[in-house]
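# Structure at a glance
For reference, the chains in residue letters:
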Amino acid sequence: MLDTTTTLYKLIILYTLGKVNFPMTNSQITNLMLSEDYTRYFQLQEILQNMIDSGLIKTEVHNHTTYYSRTEKGAKTLEYFKGEISPEIRRDISNYLVLHSYEMRSESSCIADYYRSADMDYTVSCSVREGNTTLIEMKLSVPTEKAAQTLAENWKAKSQEVYAAVMKLLV
């Protein structure tokens, strides 16, 4: 039996990250945990930081968005304690993911970030991933940070059109 509810929350996060084939954003994890009334916002943020510090999950930051994924240590921990998550909680998580998986996958699969390059321009890096596969990835050089920011912000809305146009032109 688990000693604390905090441990259960960690297992719920590890279980959820294992049920999806993409990294989840902080807001996606938060929405799940709060919509199911598992915990409060600030407690969840402390739990996530603790999980990072202990190596159960890892983060990647793109365009000011933090993406979380489970580490091998997290997977092994979950495997060991998997039975501590009740069938009701597993069902709640599955139902939540069924209802929200398309929007969550779309949000997590289109990534755009920008940085200042050596020649003082800005490089915008855009990609679309499906699971562990990169469908398209491109880097564009632009003269201003405003242009870089605009490209990065518009990538999510236009990435499917860009991909379709590139495929049509090249195939």
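Residues numbered from 1 in each chain as written. Predicted model: local features only at pLDDT ≥ 70, side-chain atom pairs only at ≥ 80, totals over all residues. Heavy atoms only, no water.

We now examine unusual backbone geometry. At D37, a residue that is not glycine, the phi angle is positive and equals roughly 55°. Mapped onto the elements, D37 comes out in the loop between α2 (26-35) and α3 (41-53). In this structure, M120 is a non-glycine residue whose phi angle is positive, near 75°. (Helix = DSSP H or I, 4+ residues; strand = E, 2+ residues; numbered from the N terminus.)

Right, let's talk about the sheet that holds strand β3 (residues 65-70) for a bit. Read across the sheet, three strands follow the order β1-β3-β2 without closing on themselves; strand pairing throughout is antiparallel. At either end of the open sheet lies a strand with only one pairing partner, and these are β1 (24-25) and β2 (57-62). (Pairing = 2+ DSSP bridges.)

Take a nonpolar patch on the surface next. A cluster of nonpolar side chains, M167, L169, L170 and V171, forms an exposed patch at the surface whose accessible area comes to about 510 Å². With respect to the element layout, L169 can be found in helix α6 (residues 145-170). (Patch = residues over 30% accessible without salt bridge, like charges linked within 9 Å, V, L, I, M, F, W, Y side chains within 5 Å. Areas by Shrake-Rupley, 256 points an atom, 1.4 Å probe, with all protein chains shown as cover. Salt bridge = Lys/Arg side-chain N within 4 Å of Asp/Glu carboxyl O.)

Along its 26 residues, α6 runs just 30 Å from first to last C-alpha, ending more than 12% under the 38 Å computed at 1.5 Å per residue. Of all the bends found along α6, the most pronounced is centred on K158 and spans about 70°. Buried within α6 we find A148, A152, W155 and S159. (Expected span 1.5 Å × (residues − 1). Bend = angle between axes of the 7 residues up to and from the residue. Buried < 20%, exposed > 50% of the residue type's maximum accessible area, 1.4 Å probe, protein only.)

In short, shape yes, function no, at least from these values alone.
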